[in-house]
Amino acid sequence: MTEPTYDVVAIGNAIVDVLSQSDDAFLAEAAMTKGSMQLMFSPEEADALYAKMGPGIEASGGSAANTVAGIAAMGGKCGFIGQVANDELGDIFAHDIRAVGIDFTTAAREGAPTTARCLIFVTPDGQRTMNTFLGASQFLPEAALDRDLIASAAILYLEGYLWDPEEPRQAMRAAIEVARKAGRKVAFTLSDVFCISRHGGDFRKLMADGLIDIMFANEAEITALMGTDDFDAAVTAAAAEVPMLVVTRSEHGAIAVSGGKTVSVPAEPIERVVDTTGAGDLFAAGFLRGQAQGKSIEASLKMGAICAAEIISHYGARAQVDLKALIASKLG
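Here the structure is a predicted model, which means the values were calculated and not measured.

About the criteria used
- Residues numbered from 1 in each chain as written.
- Predicted model: local features only at pLDDT ≥ 70, side-chain atom pairs only at ≥ 80, totals over all residues.
- Heavy atoms only, no water.
- Helix = DSSP H or I, 4+ residues; strand = E, 2+ residues; numbered from the N terminus.
- Buried < 20%, exposed > 50% of the residue type's maximum accessible area, 1.4 Å probe, protein only.
- Contact = heavy atoms within 4.5 Å.
- Core = buried A, V, L, I, M, F, W, Y, C linked by side-chain atoms within 4.5 Å.
- Salt bridge = Lys/Arg side-chain N within 4 Å of Asp/Glu carboxyl O.
- Pairing = 2+ DSSP bridges.

Asker: Which parts of the structure should I look at to understand the environment of leucine 225?
Answerer: Considering the arrangement of structural elements, one finds leucine 225 in helix α8 (residues 219-226). Assessed through its relative accessible area of 1%, leucine 225 is described here as buried. Expressed as a C-alpha distance, the spacing of leucine 225 and glycine 200, which sit 25 residues apart in the sequence, is 5.8 Å. The residues contacting leucine 225, other than those within four sequence positions of it, are Leu190, Ile196, Gly200, Phe203, Arg204 and Met207.

Here is the structure:
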């Protein structure tokens, strides 16, 4: 096995995020479930909702893309594989992700549908409610995989959101095979409870087949995946199926279970939660950066907590301070 030349290569939805402030009354009027992610199935629906948004911030996003952007901000070397269309939003995504130092070589797709967009409404309590039109990101083909890139990364990181459409699901299965043959680790994030409601069986089989080395989840996701309301029981059951299980618990911090040992860290204190968009993504960034550097599980968890705290202290899912310096100041 050759030495990896990349820390993490991620596969996920290539989405342009549009963030705008909102209130609970607007969410209720628009029949949105606060704090959730719901899909829009046509560009016309997305356009109509976009027209109702207040002033917004536009930036490249997507869960796994946010994670590798965070790792790159900490000095890690990363790549990203995701499908955009040959349109203005596709150009925005490609420029943004390359500008933060991530290798992105997936060719743009011609014709409809357009590049994916996520319309995010942030309420005064910092909760984000997402409405996503997946567009071109649903059509990532296996042929678009950069197999050499995948094989050269210490960790392949896969986004559960992208498991829904068939074409990228097959691409991710092929990517797992490439990583496995190269002797690399595979990390997987469950992304959302709705993903588990549709594909929980697939996710559990990936675990049972020994194809996942690091599984990321939050409390709601891990209990949904294991079919129990008992958090401790869900963690115990899931941890028996993967070498490392990492579970975030919002203000209660995070835990990791590996080799029968559980490590926990508290949440990093912050003055005010402004926007929870990207909190889990940046937690994963800190944790994976720590693991790629050979740090302990506890140190990796702390790095994740520091990154998550920075992200929820402002709008948007990209860091606004030097994450590398921030972690150094807190961990030494």
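More follows now that the structure is in view.
Asker: Where do I start with the nonpolar core in this structure?
Answerer: Ranked by size, the top nonpolar core spans 54 residues in total, and within it Ile11, Ile150, Phe188, Ile222 and Leu245 carry the most contacts. With seven residues, the top contributor of residues to this core is helix α6 (residues 166-181). Counting residues in hydrophobic clusters, the runner-up holds 44 residues, among them Cys78, Phe216, Phe283 and Ile306.

Asker: Just checking my understanding: could you explain the pattern of salt bridges for this structure?
Answerer: Pairing is possible between side chains of opposite charge, provided their charged atoms come close. Across all of its chains, the model carries 13 salt bridges by this definition. Between aspartate 7 and arginine 289 there is a salt bridge, with its nearest N and O atoms 3.3 Å apart. One end of the pair, aspartate 7, is in strand β1 (residues 6-11); the other, arginine 289, is in helix α10 (residues 279-292), and 282 residues separate them in sequence. In this structure aspartate 7 comes out as buried when scored by relative accessible area, which is 17%. Taking the shortest distance from any N to any O, the salt bridge between aspartate 213 and arginine 180 comes out at 3.0 Å.

Asker: Before we go on, may I ask you to explain the pairing of strand β8 (residues 128-133) in this structure?
Answerer: Remember that side chains alternate between the two faces of the sheet whenever the strand is regular. With respect to burial, β8 is a largely interior element, six of its six residues being buried. Here β8 shows a buried face lined by Arg128, Met130 and Thr132 and a second buried face lined by Thr129, Asn131 and Phe133. Taken together, the four bridges between strand β3 (residues 37-40) and β8 define a ladder with parallel strand orientation. Of the residues in β8, the one forming a bridge with leucine 39 is threonine 132. Judged from the six bridges that link them, strand β7 (residues 116-122) and β8 form a sheet pairing that is antiparallel. If you follow cysteine 118 over to β8, its bridge partner there is threonine 132. Counting the residues between successive antiparallel strands, the hairpin from β7 to β8 contains five residues, one of them, glycine 126, with a positive phi of roughly 90°.

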